[in-house]
Amino acid sequence: MDIEQGSLKKKFNLPKGHFLFTSESVSAGHPDKLCDFISDSVLDACLEQDPNAKVILFSKESKVACESSVKNSMVMVFGEISTTAHVQYESVIREAIKQVGYDNMAKGFDYKSATVMIALDQQSQEINQAVVGGKKEEDIGAGDQGLMIGYASDETPELMPLSHQICNQLIQRLQEVRKSEIVTWMRPDAKVQVTVQYRKEGSSVVPVRIHNVLISQQHDEKVTNKEIAKDLIEHVITPVLPAKYVDENIIYHLNPSKAFITGGPCGDAGLTGRKIIVDTYGGWGGHGGGAFSGKDSTKVDRSAAYAARWVAKSLVASGLCKRVMIQVAYGIGISEPLSIYVNSYGTVIPELDDDLLQDIVFDHFDLRPGVIIRDLKLKRPIFSKTSSGGHFGRNDPDFTWEQPKIIDWKVWLAKQEKQQ
């Protein structure tokens, strides 16, 4: 064991104060992500007809908690949906599978021949009463208890961790290359993993270089490993990796299993909500444990996690700190958060501290679920496209939580001092 540990340490050979951090992401064709896309497609189908997506007892508005699972040629969609929308669920499910690219069992699934099982019930009236109970829209309670995490870092323009942002960009590029048939041997299932070397600078962490990149891309029977490596470097890796982080020592692991023909649900079972770290920050900042896909925005697992990202990104974008984690917690039926915690990891500007950052959050953000839904416009049918490529760090106007609120801390601080 000592010899192995010494060998491993020698292999990495990092300068003092440097460390490696790894993140991963998976494509829409990964079995778990396929389930996320199916669940969010069902949610969007309900919202298209019934956009309010509020929980009001005996109302004509929809509420969705939809899970999916897949294996071989079977897909099951189950959960609780209360809506006036008339949704042809089987058609929505088959279309979602088709959009991902599974149109032949040789690829691992076929939307045309898949066995579709549906087990959807109405939402419990007890939960509806606890959450709404005749309250105003902005005062509706949380749909369940739980804690949510938001994170932001100034190491990328998107204010995301570099290791995870590159993962998501590689996945998006893999899907683009496959769908546009830039190369024709690709199949829908894929996984990537990126390790970045960081340097500690006081309380900050600064990316130094990309240490290694791993890509496992499903392929057809005809392509060779040499062709796979060539195409991945030319069409995926080179267009995505920032040149300033690439040097001659970077390591590539391209389809290290050598054969990845069998993929999708024929390779592995899939289930909604099993890629929560992929969906968020790639291991940075923590995670509350709740999944996003298939849940309407009264579920704080989703809406409050989006809001926490909005808060974190706003603090960093406003220059108040270099990186920050926000934790917020809720109780079922209670509108106000039970707790809010701010941790800047010591990167807050000298004029402020984490206690003042927390006060800034209280004064600039109303984190009641109903207000989050209103402010971030979360009644729109935009959720299926969040299910692959990350829920955060995307330059898409529909991702309202990625549009930071710029805070003038000097004006705020002067106001606080005047009130004292």
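Structural notes, computed from the coordinates. (Residues numbered from 1 in each chain as written. Predicted model: local features only at pLDDT ≥ 70, side-chain atom pairs only at ≥ 80, totals over all residues. Heavy atoms only, no water.)

**What to know about the overall build of the chain**
Here is step 1: The helix and strand tally for the chain stands at twelve helices and 13 strands.
Here is step 2: With the C-alpha coordinates aligned to their principal axes, the bounding extent of the chain is approximately 65 × 55 × 40 Å.
Here is step 3: Considering only residue pairs separated by 6 or more positions, the chain has 73% of its internal contacts joining residues 24 or more positions apart.
Here is step 4: Total accessible area on the chain is roughly 18300 Å²; 50% of this is exposed by carbon and sulfur atoms.
Here is step 5: Positive and negative charge centroids in the chain, built from 48 and 54 side chains respectively, lie 3 Å apart. (Helix = DSSP H or I, 4+ residues; strand = E, 2+ residues; numbered from the N terminus. Contact = heavy atoms within 4.5 Å. Areas by Shrake-Rupley, 256 points an atom, 1.4 Å probe, with all protein chains shown as cover. Lys, Arg positive; Asp, Glu negative; His and termini not counted. Charge placed at Lys NZ, Arg CZ, Asp CG, Glu CD.)

**Some thoughts on the packing of aromatic side chains**
Here is step 1: All told, the structure shown has 13 aromatic pairs when counted by the stated rule.
Here is step 2: Note on F19 and Y198: the rings are 5.5 Å apart at their centroids and 10° apart in plane angle, and the pair reads as stacked. In this pair, F19 sits in strand β1 (residues 18-26) while Y198 sits in strand β8 (residues 186-201), placing the two residues 179 residues apart along the sequence.
Here is step 3: Given the relative accessible area of 19%, F19 is considered buried.
Here is step 4: Taking the relative accessible area as the measure of exposure, Y198 reaches 0% and is therefore buried.
Here is step 5: Ring pairs connect the aromatic residues Y151, Y281, F292, Y306, Y345, F392, F399 and W401, which therefore count as one cluster.
Here is step 6: Taking the ring centre of Y345 as reference, the NZ or CZ of R323 above it sits at 4.0 Å. (Phe/Tyr/Trp six-rings, centres within 6.5 Å; stacked < 30°, edge-to-face > 60°. Buried < 20%, exposed > 50% of the residue type's maximum accessible area, 1.4 Å probe, protein only. Lys NZ or Arg CZ within 6 Å of the ring centre and 35° of its normal.)

**As for the pairing of β8**
Here is step 1: For β1 and β8, the ladder comprises nine bridges, and the chain directions are antiparallel. Within β8, the residue paired with F19 across the bridge is Y198.
Here is step 2: As paired strands, β8 and strand β9 (residues 204-219) are joined by 13 bridges and run antiparallel to one another. The residue of β9 that forms the bridge with Y198 is P207.
Here is step 3: Counted between consecutive antiparallel strands, the loop separating β8 from β9 contains two residues, among which G202 sits at a positive phi close to 65°. (Pairing = 2+ DSSP bridges.)

**Brief notes about the side chain of R209**
Here is step 1: Position of R209 among the secondary structure elements: in strand β9.
Here is step 2: Among the polar contacts listed, one links the side chain of R209 to the side chain of D247, at a separation of 2.7 Å.
Here is step 3: For R209, the residues in contact, after removing those within four places along its chain, are V196, Q197, Y245, D247, N249 and I250. (Polar contact = N/O pair within 3.5 Å; in protein donor to acceptor, adjacent residues only side chain to side chain.)

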